[in-house]
Amino acid sequence: MSGARRLLAGLNRRPQLAAASLLGPGTLWLLLFFFVPIAVVFAYSFMTRGVYGGVTGGFTLEHYRRFLDPLYLGVFRRTVTLAVSCTVLCLVVGYPVAYTIARAGRWKNLLLFLVVVPLWTSFLVRTYALIFLLRDTGFVNAVLLALGVVREPLVLLYTPGAVLAGLVYGYLPLMVLPIYVSLEKLDPTLLEAAEVLGARPLARFWRITLPLSAPGVVAGAMLVFIPALGAFLTPDLLGGAKQMMVGTLVQNQFGAARNWPFGSAASFILMAVVLVAVLAYLRLRDRAPMEAVA
Amino acid sequence: MTDTGPQSSDLVVQLSRASKRFGTVTAVDAVSLDIRRGEFFSLLGPSGCGKTTTLRLVAGLEEPDDGDVRLLGEVVNRRRPYERPVAMVFQNYALFPHLDVRRNVAFGLEQRRVPADRIRERVRRALGLVRLDPDTYARRMPSQLSGGQRQRVALARALVIEPAILLLDEPLGAIDLKLRKEMQLELKALNRQLGITFVYVTHDQEEALTMSDRIAVMNQGRVAQVGTPAEIYENPRTAFVADFIGECNFFDGTVAERDGAVATVARDDGLRFRIPAVNGVAPGRAVRIAVRPEWHDVWRPDEVPPAENALPGVVRDVVYLGETVHVLVRLPEGADARVALRNEGQLTKPVPWRAGDQVAIGWLPEDCQVLEEE
């Protein structure tokens, strides 16, 4: 027996050792680059700010209190609203796309490929492309002007709509893919059974297809909602200063404003919201066998 | 075998030269069938013979490319399944995994907008019909049921809508043998009790023989023969049917002479045997006959009764099967003929043949089936 084979055979006999050696590297990685930084940020959020950035020890709840200022609560409200709107829009646009692809037979792979293609290019580059589309002299306005639909260019850029459009554009594949997977798994015989039992197309969708694809919908919603909540690139580039979101706020505090503790507190509040969302997701998922999931 | 000419109103399912093609493959090829009210009708054949597609044509899950499908006398070619008086039990049961037993069974009634209290009552009754205790099982999810229980739920879900026609697509395929035998009898009893016409797809010849009033044997998209189990078994029309249903020995030859009700056939090796002179048997015609193993006898070569046909051979093996003992006899042309002898107790009255014995296989001229060409 070669050394490697002997090692594998040994691991086979000791499942705990095998588990440890499989999980070890990942655990170490997360401890070092996820847990430790988070702990540092958490600690920072209770410290006093340093003059040139950084922190100077101490303990204060000032930064959390500061977040309750109407100014920041407004930012927070706008962020949640945008993230929810983005999730809903992604669902409304993405579900029919996923549904069509799941039924596209031999075109399936090509269509899936097309959904994923945008992810090949840097998000930054694609967001700049959106700027070219949406600005006063951009493509959309040029077409509208040429068609005589409008006399003056519409203000599209640096609006909540532009941010929403950018977020939906960016996260749409994250909605389409999980829904596609759950629709793809759906046994077509179930729909035939429903049809023979008297269900017309719409009834089949509501009673069979939608409930059985619910896990995909919930997963897609999580995949879109969480990054949308923390997004900073899109609101920064497409929303400008007026459309600040919590993500841009955090970036700002660590950057230009040099208020690391406040930035830390803001990001922890954001994380709390995400945590609530994830818990809600887990509850939905665990309840699912009764109502939604196979 | 004489049909008393059923009234056309009694024909619940009628296929008239119905065809279904998938690309270049003709799955169902000009199939004509008449299925009578209340009948237990089986579509029997090997996989790929078109039996399931035929069933789907009746269900409305496929539309015929040619020909007509009539249900209760009406042409329904383009009607969707939910516009037909049918229910179906699928091969893999197709229970809705997200609904409990109660909601699965109620599904068809909910689609028909039956009031809730009526639904509750009819679901209980349907579960009782398939012998599932509603109090124990109504709230279970399909994943919490055994294969046999799922099968019963699927059956209840189909029966609860009180269809005129119940279509069953190999419903017992995934159930173990003992339970399968039990379910066969139960299905048969339900068919009698409810007066619903059952159309049953199976590849299991024994199952078809056990349960059916009539069987359509299918091969390569066509109906090879329709008849009662006894007709199919005892008078198979083609070699395919004879071979597919039960076991058979085949003998070929050319008709040498015809004398009244009996014709004599000469084999290539010059040996002769007699057959009933049925239609189409004329001197010079090549014929093939089928003889069931249990229609044969084994004789010592010099003891063959004069009334029987006989072919010489050598015993190759004696196989003990419990109810019967099979004697495999190698014939001059090198083929094995199988002879089934009733087991009268191998410990007390053993079969006298051993491998290597010179014997003759015999059969009465009327105990054979003259086959048609396919």
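Calculation rules
Residues numbered from 1 in each chain as written. Chains lettered and ligands numbered in written order. Predicted model: local features only at pLDDT ≥ 70, side-chain atom pairs only at ≥ 80, totals over all residues. Heavy atoms only, no water. Helix = DSSP H or I, 4+ residues; strand = E, 2+ residues; numbered from the N terminus. Buried < 20%, exposed > 50% of the residue type's maximum accessible area, 1.4 Å probe, protein only. Contact = heavy atoms within 4.5 Å. Lys, Arg positive; Asp, Glu negative; His and termini not counted. Charge placed at Lys NZ, Arg CZ, Asp CG, Glu CD. Areas by Shrake-Rupley, 256 points an atom, 1.4 Å probe, with all protein chains shown as cover. Phe/Tyr/Trp six-rings, centres within 6.5 Å; stacked < 30°, edge-to-face > 60°. Lys NZ or Arg CZ within 6 Å of the ring centre and 35° of its normal. Pairing = 2+ DSSP bridges. Buried area = accessible area lost by both parts, 1.4 Å probe. Salt bridge = Lys/Arg side-chain N within 4 Å of Asp/Glu carboxyl O. Polar contact = N/O pair within 3.5 Å; in protein donor to acceptor, adjacent residues only side chain to side chain. Nonpolar A, V, L, I, M, F, W, Y, C, P; charged D, E, K, R; others polar. Disulfide = S-S within 2.5 Å. Axes fitted to C-alpha atoms, helices over the stretch in contact; angles between N-to-C directions. Domains from an automatic or database assignment. pLDDT = per-residue confidence, 0-100. Core = buried A, V, L, I, M, F, W, Y, C linked by side-chain atoms within 4.5 Å.

Here's the deal with the overall build of chain B
- Counting secondary structure elements, chain B contains nine helices and 20 strands.
- Seen through its C-alpha atoms, chain B measures out along the principal axes to roughly 80 × 50 × 40 Å.
- Out of the 374 residues in chain B, the part that is buried amounts to 51%.
- Taking the contacts inside chain B whose residues are at least 6 apart along the sequence as the reference set, 64% of them involve residues at least 24 apart.
- Across chain B, the 49 positively charged side chains and the 53 negatively charged ones have centroids separated by 8 Å.

Let's talk about the overall build of chain A
- Broken down by element type, chain A carries 13 helices and zero strands.
- Each helix and strand of chain A, placed in order from N terminus to C terminus, yields the pattern α-α-α-α-α-α-α-α-α-α-α-α-α.
- Taken over the C-alpha atoms alone, chain A extends approximately 75 × 70 × 40 Å along its principal axes.
- The long-range share in chain A, meaning contacts at least 24 apart out of those at least 6 apart in sequence, stands at 67%.
- Per element, the accessible surface of chain A, about 16800 Å² overall, is 72% carbon and sulfur.

Comments concerning the packing of aromatic side chains
- In total, this model carries 23 aromatic pairs over all chains according to the counting rule given.
- With a centroid separation of 5.7 Å and 55 degrees between ring planes, the pair formed by B:F273 and B:W363 is classed as tilted. On the criterion of sequence distance, the pair formed by B:F273 in strand β13 (residues 272–276) and B:W363 in strand β19 (residues 358–363) is long-range, its members being 90 residues apart. Just as B:F273 is buried, B:W363 falls in that class too.
- Members of the aromatic cluster, connected to one another through ring pairs, are A:F42, A:F46, A:F59, A:Y64 and A:F268.
- Geometry around A:F262 places A:R66 over its ring, the cationic atom sitting 4.2 Å from the centre.
- The lysine or arginine in question, B:R292, covers the ring of B:Y233, its NZ or CZ lying 4.0 Å from the ring centre.

Thoughts on the pairing of strand β18 (residues 336–342) of chain B
Residue and element names in this part refer to chain B.
- One ladder, built from seven bridges, connects strand β17 (residues 324–330) with β18; its direction is antiparallel. In the strand pairing of β18, T324 is matched with R342.
- Between β17 and the antiparallel strand that follows it, β18, lie five residues; G334 among them carries a positive phi value of about 95 degrees.

Notes on the interface of chain B and chain A
- Facing 25 residues of chain B, the contacting portion of chain A comprises 25 residues.
- Both sides of the chain B and chain A interface together cover about 2100 Å² of buried area, and 63% of this is carbon and sulfur.
- For the pair chain B and chain A, the interface holds three salt bridges.
- The salt bridge partner of B:R80 is A:E195, with a shortest N-O separation of 2.7 Å.
- Our count for the chain B to chain A interface comes out at six residue pairs in polar contact (both at pLDDT 80 or more).
- Secondary-structure elements contributing two or more residues to the side of chain B that touches chain A are β6 (86–89) and α2 (101–111) of chain B.
- With five residues, α2(B) is the largest single contributor of residues to the side of chain B that touches chain A.
- Considering only residue class, the side of chain B that touches chain A consists of 15 nonpolar, four polar and six charged.

Digging into the state of the cysteines
All names here are of chain A.
- Scanning the entire structure with this criterion turns up zero disulfides over all chains.
- Here C86 is not cross-linked by a disulfide; its sulfur's nearest cysteine counterpart is in C90, at 4.1 Å.
- Judged by relative accessible area, C86 falls into the buried class, the value being 0%.
- For C90, a relative accessible area of 0% gives the class buried.

Considering the environment of B:V359
- Relative to the helices and strands, B:V359 is located in strand β19.
- Not counting chain neighbours up to four residues away, the residues in contact with B:V359 comprise B:V298, B:W299, B:P301, B:L311, B:P312, B:G313, B:V315, B:V329 and B:W353.

Brief notes about the pattern of salt bridges
- In total, this model carries 37 salt bridges over all chains according to the counting rule given.
- Linking B:R21 and B:D66 is a salt bridge whose minimum nitrogen-to-oxygen distance equals 3.0 Å. Of this pair, B:R21 sits in strand β1 (residues 11–22) while B:D66 is found in strand β4 (residues 66–71), placing the two residues 45 residues apart along the sequence.
- A salt bridge links B:R152 to B:E182; its shortest N-O distance comes to 3.8 Å. Taken together, the residues span a long stretch of sequence, with B:R152 in helix α5 (residues 147–159) and B:E182 in helix α6 (residues 177–194) at a distance of 30 residues.
- A relative accessible area of 34% means that B:E182 is categorised as partly exposed.
- Look at the salt bridges and you will find they share partners, linking A:E195, A:R204, B:E63, B:R78 and B:R80 into a network.

Examining the sheet that holds β4(B)
Residues and elements named next belong to chain B.
- Spatially, the four strands line up as an open sheet ordered β2-β1-β4-β5, and their pairing is antiparallel. Here the strands that pair on one side only, and so sit at the sheet edges, are β2 (25–36) and β5 (74–75).
- Here helix α1 (residues 51–59) sits on the sheet and contacts β1, β2 and β4; the angle it forms with β1, its principal contact strand, is near 120 degrees.

Structural notes on the sheet that holds β19(B)
Residue and element names in this part refer to chain B.
- Pairing in this open sheet of five strands is antiparallel, and the strands run β15-β19-β16-β17-β18 from one edge to the other. Looking at strand neighbours, the two that pair on one side only are β15 (297–299) and β18, the edges of this open sheet. Adjacent strand axes in the sheet meet at a mean angle of 45 degrees, parallel and antiparallel pairs treated alike.

Comments concerning the domain arrangement of chain B
Residues and elements named next belong to chain B.
- If you check the domain split of chain B, you get domain 1 (12–243) and domain 2 (247–370).
- Between domain 1 and domain 2, the C-alpha centre-to-centre distance is 39 Å.
- Counting each side, the surface lost to burial between domain 1 and domain 2 is near 730 Å², with a carbon and sulfur contribution of 48%.
- Viewed at the interface, domain 2 and domain 1 are joined by zero salt bridges.

Things to note about the confidence of the model for chain A
All names here are of chain A.
- Of all residues in chain A, 97% have pLDDT values of 70 or greater, and the mean over the chain is 88.
- Element-level mean pLDDT values for chain A span from 77 in helix α1 (residues 3–13) up to 96 in helix α9 (residues 188–196).
- pLDDT under 50 marks residues 289–294. Its contacts with residues more than four places away, or in other chains, come to 16 contacts.

A look at the nonpolar core
- B:F96, B:V105, B:L155, B:L166, B:L167 and B:L187 are the most contacted members of the largest nonpolar core, which has 79 residues in total.
- For this core, the leading source of residues is α5(B), giving six residues.
- Excluding anything up to four places from it in sequence, B:L187 contacts B:F40, B:L155, B:L168, B:L172, B:F198, B:Y200 and B:M211.
- If you look at the next biggest cluster of nonpolar residues, it comprises 44 residues, including A:L112, A:Y171, A:V176 and A:L249.

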